[in-house]
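The residues making up each chain are set out below.
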Amino acid sequence: MKSEALNGLDQTRVQQYWDNGFVFPIRVFSSSEAAGYRNQLEQVEKEWSGADLPRPLSQYLRVHSEAVLPFAAQMAEHPAVLDAVESILGENIMIWGAEFFIKEANTDNVVSMHQDLTYWGFGETSNQVTAWIALSPATVESGCMDLVKGSHKNAILPHTDTHAKNNMLSRGQEVDVDVSDDDKTAVVLQPGEMSLHHGQTIHGSKPNTSNDRRIGFAIRYINPQAVQQSDIREYAVLARGMNSTQSFIHHAKPASLFSKTSLAIYEKIRAQQDKVLAAGISDNRELYS
Ligand SMILES: O=C(O)CCC(=O)C(=O)O
């Protein structure tokens, strides 16, 4: 199974992205490569869940895994993934963050319908894209993502922070619009396949009613034209090309799992980004609580 994204997406797929606000499925890893990455993730879960880390392991997986897990950084810089992203963002690409969205088998965790850009501090912009890679089957039964076609053409709409316990988002944010199931496209992916979605596309996902874990790896890519609207200077990994605007502090990739250096970088990244993500929060609740 050869990656179809090496050397980029063809014009039809690029057009689909701009028309619909998303495109899928794009095969980026072979099934054995995807199984290898899943295995590395599950080894980390096994060996590090009781370790004496500054934060619970779940936080490192859920936010900025690229800063502490070498295999996460490797996936985020995989040539097939970057080639597809380059078709959307151009040749200068930064990784703003990489996150595992894991729903255990038969659990009720959900992602409420939302637009990613709501709290990212970039305003409305097409200079970002999310690549979501399946490391286990993403099916309707396992709670794959649902995306609303054409919804990226909306402005950023009002959202309500629910902080619901079973909601996987930073603030449990939900767009203040009723989205009918008829308007949702189920993003069914096999392990090693990827979707790309725009940050204004309304999307979410339902519980996992399958007997396997649903493991998604979401990478947030930006180009140098994406700029923070506040004066908070954030961190990013320069994955390809150059960033002549110097708008982000470029940080090194982790040399080994949870190295002392990478744990220190992790705290700097979080300190800056949490200020952005928590802006305007209605009470003193913590993100991802
Ligand atoms: O994994 C999911 O179900 C949702 C992920 C998501 O909201 C995103 O990647 O922007």
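It should be emphasised that the depicted structure is a prediction, and the values quoted were computed from it without experimental measurement.

Here we look at the site of the ligand
(1) Moving on: The immediate surroundings of the ligand are formed by 13 residues, with Trp132, His203, Ser205, Arg214 and Arg220 found nearest.
(2) Moving on: Asp116 is positioned with one of its side-chain polar atoms (N or O) 3.1 Å from an oxygen atom of the ligand.
(3) Moving on: Measuring from an oxygen atom of the ligand, one finds a side-chain N or O atom of Arg220 at 2.9 Å.
(4) Moving on: Here the ligand, which alone exposes 290 Å², has 100% of that area covered by the protein.
(5) Moving on: Most atoms of the ligand, that is more than half of them, are within 2 Å of grid points of the second largest cavity.

Some details on the packing of aromatic side chains
(1) Moving on: Per the stated rule, a full pass over the model turns up eleven aromatic pairs.
(2) Moving on: Arranged with centres 4.8 Å apart and planes meeting at 55 degrees, the rings of Trp96 and Trp120 form a pair that is tilted. With a gap of 24 residues between them, Trp96 in strand β2 (residues 93–103) and Trp120 in the loop between β3 (111–114) and β4 (128–134) connect regions that are remote in the sequence.
(3) Moving on: The class for Trp96 is buried, based on a relative accessible area of 4%.
(4) Moving on: Residue classification places Trp120 among the buried residues on the basis of a relative accessible area of 8%.
(5) Moving on: Taken together, the ring pairs in this structure connect Trp48, Tyr60, Phe258 and Tyr266 into an aromatic cluster.

Let's talk about the environment of Phe248
(1) Moving on: Positionally, Phe248 belongs in the loop between β12 (235–240) and β13 (249–250).
(2) Moving on: Residues Phe248 and Tyr235, spaced 13 residues apart in sequence, show a C-alpha to C-alpha distance of 5.2 Å.
(3) Moving on: In this structure Phe248 touches Met94, Trp96, Phe122, Ile222, Ala226, Arg233, Glu234, Tyr235, Ala236 and Asn243, once residues within four positions along its chain are discounted.

A short note on unusual backbone geometry
(1) Moving on: With an omega dihedral of -15 degrees, the bond running from Phe24 to Pro25 counts as a cis peptide bond.
(2) Moving on: Inspection of the secondary structure assignment puts Pro25 in strand β1 (residues 22–27).
(3) Moving on: The phi dihedral of His64 is positive, around 55 degrees, even though this residue is not glycine.
(4) Moving on: Topologically, His64 is positioned in the loop between α3 (57–62) and α4 (70–76).
(5) Moving on: Although it is not a glycine, Asn106 sits at a positive phi angle of roughly 50 degrees.
(6) Moving on: Take Asn106: it is sitting in the loop between β2 and β3.

Quick word on the sheet that holds β3
(1) Moving on: Read across the sheet, four strands follow the order β3-β10-β5-β8 without closing on themselves; strand pairing throughout is antiparallel. Pairing within the sheet leaves two strands with one partner each, and these edge strands are β3 and β8 (184–186). If you compare each strand with its neighbour and ignore which way they point, the axes differ by 25 degrees on average.
(2) Moving on: Bridge count between strand β5 (residues 145–148) and β8: three bridges; the pairing is antiparallel. Bridge pairing in β8 places Asp146 opposite Ala186.

Some thoughts on empty space enclosed by the protein
(1) Moving on: Scanning the model with the defined rule gives two cavities of 30 Å³ or more in all.
(2) Moving on: Estimates place the volume of the second largest cavity at around 110 Å³.
(3) Moving on: Elements that contribute at least two residues to the lining of the second largest cavity include exactly β3, β4, β10 (203–205) and β11 (214–222).
(4) Moving on: The residue inventory of the lining of the second largest cavity, partitioned by class, reads six nonpolar, six polar and three charged.

What counts as what
- Residues numbered from 1 in each chain as written.
- Predicted model: local features only at pLDDT ≥ 70, side-chain atom pairs only at ≥ 80, totals over all residues.
- Heavy atoms only, no water.
- Near = heavy atom within 4 Å.
- Polar contact = N/O pair within 3.5 Å; in protein donor to acceptor, adjacent residues only side chain to side chain.
- Areas by Shrake-Rupley, 256 points an atom, 1.4 Å probe, with all protein chains shown as cover.
- 1 Å grid on protein atoms, 1.4 Å probe; cavity = no way out; pocket = protein on both sides within 12 Å on 5 of 7 lines; lining within 4 Å.
- Sits in = over half its atoms within 2 Å of the grid points.
- Phe/Tyr/Trp six-rings, centres within 6.5 Å; stacked < 30°, edge-to-face > 60°.
- Helix = DSSP H or I, 4+ residues; strand = E, 2+ residues; numbered from the N terminus.
- Buried < 20%, exposed > 50% of the residue type's maximum accessible area, 1.4 Å probe, protein only.
- Contact = heavy atoms within 4.5 Å.
- Pairing = 2+ DSSP bridges.
- Axes fitted to C-alpha atoms, helices over the stretch in contact; angles between N-to-C directions.
- Points joined across faces, edges and corners; volume = space filled by probe spheres on them.
- Nonpolar A, V, L, I, M, F, W, Y, C, P; charged D, E, K, R; others polar.

Note that all results are geometric; they support no functional claim without further evidence.
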